[in-house]
Amino acid sequence: MLADHPAVAAELARLDAVADAREAAAAEARDAGDDAAVYVEEVAGRARWAADRARALATDASARPVPAKPIPRVHCSRLSLATFRREYVARKEPVVICGLGPHLTEDGERGDGLGWLTRHGANKKVAVTRDNAHVNSTLACADTEILDLGEHLARVLPLDAPNLPEDAEGFGSRDGDGTYLYDCAMPLKLPSLLNAVRVPRYFAHDFLQRTRDVHAFTASWPSLFVAAPHTKSSLHVDQWRGNFWMAMVRGTKRWTLFHDEDVPYLSPDYGRGTLDPAFPRMHVMDAAHASWRRRNANAADDDDDDDDDDDRTNDETPGTNDDETPPRWAEDARPCDSHPLLPYARRWDVDLGPGEVLFVPGGFPHVVHNLDVTCSFAGNFVDESNLDAALRDMKLLGAKYGEQMMRTHDAIDEVWFDPEDEVMVEECLEPRRLVVRYEDYLGGRAGRWGASDWDGIPDEE
């Protein structure tokens, strides 16, 4: 049983200790009459849930590691808007949508040349992180520098090289290595880019865009990412369980996702007191498990040699009792000494390339590794699949952080999103009709279009 392994026992004890500490903090907040007590209590509840779920796994004699799965790719011409919402969003199934590449920017097939980005944004100031700082769960001001977007591009584009290994000579010491423009809100910080990009229509029904009142996230997306080779993000969960999408324009990002129910197996740490935990660095966890597998393979080879010797000895030695041999772990269930529950989390891996669009279900922990120079834009969204969970978290965040977040909750909560009013386009559309201008995404206008609507104007007969 997993719980008998020392590393698993230590992890269960750690999770229990964190939950105990969060429960003590919740009791203190209640006793003090703190307005944020409900938030602190929720953090404590999530920490205890993680500890309990990890223990349930560890005491399940049938538990076995779960192989990682690839994320399926579906061409947009075969994926209707309605099918996407039913088969992927509602079921919390990640998917890569292909075929939209020539339509994601005003430059069409030449979008990966980033001419559109240079023309409309080169002289705009942006905050760029240094030294691969986004691999950490928290950032400091010292990790960031302010410069022109054009200057950032001039530094990172010369770093592009096919299949550049992280241990290549000189890597890490070049100007621009480790720099990352991360999640820069175009409507707020780079509005000149908005006419140059197209939002995939699969996300145009976003409830956040369909409110009467302006709120904290009305102008947050799409956001821009421009990264140097081998920069990484932290393993994290997006706030308020927001569904997420990303459209790749240039380069390849290696994505890893985990099911939201399996957060407890990822060595989560609720010690920072937030609704979503911090996690260890993903590449560190993967490296530990890769090393462990190599050691196991070598040990298995040695055991096979020893067994051959034992067989010969036992044949010659009467009275040898094989039952006295200490029991071994099943080969697929021997825990790693570091982050021992990681292999039991449902996992998806994909290399997201130019022109592809990824959907990540709300609440799924995810991490990104930029394999080369990358440029992409992305957004979070709320719909019927995550509305209740998002509102619940927003209300908790309002209790913790104040009026602005509570106004955001109220702006969304006051709208009745009647399923009968949703426009579910069942027809498969040609790719050019599956992207929309920002002006049609803003306010949810394109989310009300039918199959024959284009730019808000019905097709001519």
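Residues numbered from 1 in each chain as written. Predicted model: local features only at pLDDT ≥ 70, side-chain atom pairs only at ≥ 80, totals over all residues. Heavy atoms only, no water.

1. Description of the overall build of the chain
Part 1 of the reasoning: The helix and strand tally for the chain stands at 10 helices and 17 strands.
Part 2 of the reasoning: Taken over the C-alpha atoms alone, the chain extends approximately 95 × 60 × 50 Å along its principal axes.
Part 3 of the reasoning: In the chain, the share of contacts with a sequence separation of at least 24, taken over all contacts with a separation of at least 6, comes to 81%.
Part 4 of the reasoning: For the chain, the exposed surface amounts to about 21,200 Å²; the carbon and sulfur share of it is 48%. (Helix = DSSP H or I, 4+ residues; strand = E, 2+ residues; numbered from the N terminus. Contact = heavy atoms within 4.5 Å. Areas by Shrake-Rupley, 256 points an atom, 1.4 Å probe, with all protein chains shown as cover.)

2. Structural notes on the sheet that holds strand E13 (residues 366–370)
Part 1 of the reasoning: Taken together, the four strands give an open sheet; going across it, the order is E1-E11-E10-E13, and neighbouring strands pair in mixed fashion. With partners counted over all chains shown, the strands left at the sheet margins are strand E1 (69–70) and E13, one partner each.
Part 2 of the reasoning: Pairing between strand E10 (residues 253–258) and strand E11 (residues 347–352): six bridges, direction antiparallel. In the strand pairing of E11, Arg254 is matched with Asp351. (Pairing = 2+ DSSP bridges.)

3. Things to note about the pattern of salt bridges
Part 1 of the reasoning: For the structure on display, the rule yields 40 salt bridges.
Part 2 of the reasoning: Across the pair Arg48 and Glu23 runs a salt bridge whose closest N-O atoms are separated by 2.9 Å. Of this pair, Arg48 sits in helix H2 (residues 37–58) while Glu23 sits in helix H1 (residues 6–31), and the two are 25 residues apart along the sequence.
Part 3 of the reasoning: According to the relative accessible area criterion, Arg48 is buried, its value standing at 18%.
Part 4 of the reasoning: Note on Glu23: relative accessible area 33%, which makes it partly exposed.
Part 5 of the reasoning: The salt bridge involving Asp213 is made with Arg212; its shortest N-O contact spans 3.5 Å.
Part 6 of the reasoning: One network of salt bridges, with partners in common, ties together Asp16, Asp20, Glu23, Arg48 and Arg55. (Salt bridge = Lys/Arg side-chain N within 4 Å of Asp/Glu carboxyl O. Buried < 20%, exposed > 50% of the residue type's maximum accessible area, 1.4 Å probe, protein only.)

4. Describing the environment of Gly108
Part 1 of the reasoning: Tracing the backbone through its elements, the reader meets Gly108 in the loop between strand E3 (95–98) and helix H4 (115–121).
Part 2 of the reasoning: Since its relative accessible area comes to 16%, Gly108 is described here as buried.
Part 3 of the reasoning: Through-space distance from the C-alpha of Gly108 to that of Val197 is 9.9 Å; in sequence the pair is 89 residues apart.
Part 4 of the reasoning: When neighbours within four sequence positions are excluded, Gly108 is seen to be in contact with Gly101 and Pro102.

5. Here's the deal with the pairing of strand E12 (residues 357–360)
Part 1 of the reasoning: Because side chains alternate across E12, one face comprises the buried residues Val357 and Phe359, and the other comprises Leu358 and Val360, equally buried.
Part 2 of the reasoning: Sheet topology note: the E3/E12 ladder contains three bridges and is antiparallel. Paired with Ile97 across the bridge in E12 is Val357.
Part 3 of the reasoning: The sheet contact formed by strand E9 (residues 243–250) and E12 spans four bridges and is antiparallel. Note that in E12 the partner of Phe244 across the bridge is Val360.

6. Here we look at the packing of aromatic side chains
Part 1 of the reasoning: Throughout the structure, instances matching the rule amount to 18 aromatic pairs.
Part 2 of the reasoning: On the basis of an interplanar angle of 75° and a centroid distance of 6.1 Å, the ring pair of Tyr39 and Tyr401 is categorised as edge-to-face. One end of the pair, Tyr39, is in helix H2; the other, Tyr401, is in helix H8 (residues 387–401), with 362 residues separating them in the sequence.
Part 3 of the reasoning: The exposure class of Tyr39 is buried, given its relative accessible area of 2%.
Part 4 of the reasoning: What makes Tyr401 exposed here is its relative accessible area of 55%.
Part 5 of the reasoning: Pairwise contacts between aromatic rings join Phe84, Tyr202, Phe203, Trp245, Phe359, Phe377 and Phe381 into one cluster. (Phe/Tyr/Trp six-rings, centres within 6.5 Å; stacked < 30°, edge-to-face > 60°.)

7. A closer look at helix H3 (residues 81–89)
Part 1 of the reasoning: Along H3, the positions that sit buried rather than exposed are Leu81, Ala82, Phe84, Arg85, Tyr88 and Val89.
Part 2 of the reasoning: Packed against the buried residues of H3 are strand E2 (73–75), E3, E9, E12 and strand E14 (374–381).

8. Observations regarding H8
Part 1 of the reasoning: Over its 15 residues, H8 extends 20 Å from the first C-alpha to the last, a length consistent with the 21 Å expected when each residue adds 1.5 Å.
Part 2 of the reasoning: Tucked into the core, H8 has its buried residues touching H2 and helix H9 (403–413).
Part 3 of the reasoning: Once H8 ends, the next one or two residues include Gly402, with phi positive near 110°. (Expected span 1.5 Å × (residues − 1).)

9. Section: the side chain of Asn380
Part 1 of the reasoning: You can see Asn380 is positioned in strand E14.
Part 2 of the reasoning: For Asn380, a relative accessible area of 8% puts it in the buried group.
Part 3 of the reasoning: Looking at Asn380, its side chain comes within polar contact range of the side chain of Asp238, at 3.0 Å.
Part 4 of the reasoning: A distance of 3.1 Å separates the side chain of Asn380 from the backbone oxygen of Asn243, its partner in a polar contact.
Part 5 of the reasoning: The residues contacting Asn380, other than those within four sequence positions of it, are Asp206, Leu208, Trp221, Asp238, Trp240, Gly242, Asn243, Phe244 and Trp245. (Polar contact = N/O pair within 3.5 Å; in protein donor to acceptor, adjacent residues only side chain to side chain.)

10. Brief notes about the packing of H8 against H9
Part 1 of the reasoning: The geometry of H8 relative to H9 is characterised by a closest axis approach of 7 Å and an angle of 155° between their N-to-C directions. The angle between H8 and H9 falls in the class roughly antiparallel. Here the hand of the crossing between H8 and H9 comes out left-handed. From H8, Leu387, Leu391, Met394, Lys395, Leu397, Gly398, Ala399 and Tyr401 reach across to H9, where they touch Glu403, Met405, Met406, Thr408, His409, Ile412 and Asp413.
Part 2 of the reasoning: Class assignment for the residues of the contact of H8 with H9 results in nine nonpolar, three polar and three charged. (Axes fitted to C-alpha atoms, helices over the stretch in contact; angles between N-to-C directions. Parallel < 35°, antiparallel > 145°, perpendicular 65-115°, else oblique. Left-handed = near helix turned anticlockwise from the far one by under 90°. Nonpolar A, V, L, I, M, F, W, Y, C, P; charged D, E, K, R; others polar.)

11. Re the state of the cysteines
Part 1 of the reasoning: By the definition in use, this model includes zero disulfides.
Part 2 of the reasoning: The thiol of Cys428 is unpaired, and the distance to the nearest cysteine sulfur, on Cys76, comes to 9.5 Å.
Part 3 of the reasoning: Using a relative accessible area of 45% as the deciding quantity, one classes Cys428 as partly exposed. (Disulfide = S-S within 2.5 Å.)

12. Some details on the nonpolar core
Part 1 of the reasoning: With 100 residues, the main nonpolar core has Phe84, Trp116, Leu117, Tyr202 and Leu224 as its most contacted residues.
Part 2 of the reasoning: With eight residues, the top contributor of residues to this core is H2.
Part 3 of the reasoning: Excluding residues within four positions of it along the chain, Trp116 makes contact with Thr105, Glu106, Asp107, Gly111, Leu193, Ala196, Val197, Leu224, Val249 and Cys375.
Part 4 of the reasoning: Judged by nonpolar contacts, the second largest core, of 19 residues, contains Tyr180, Trp255, Trp348 and Phe364. (Core = buried A, V, L, I, M, F, W, Y, C linked by side-chain atoms within 4.5 Å.)

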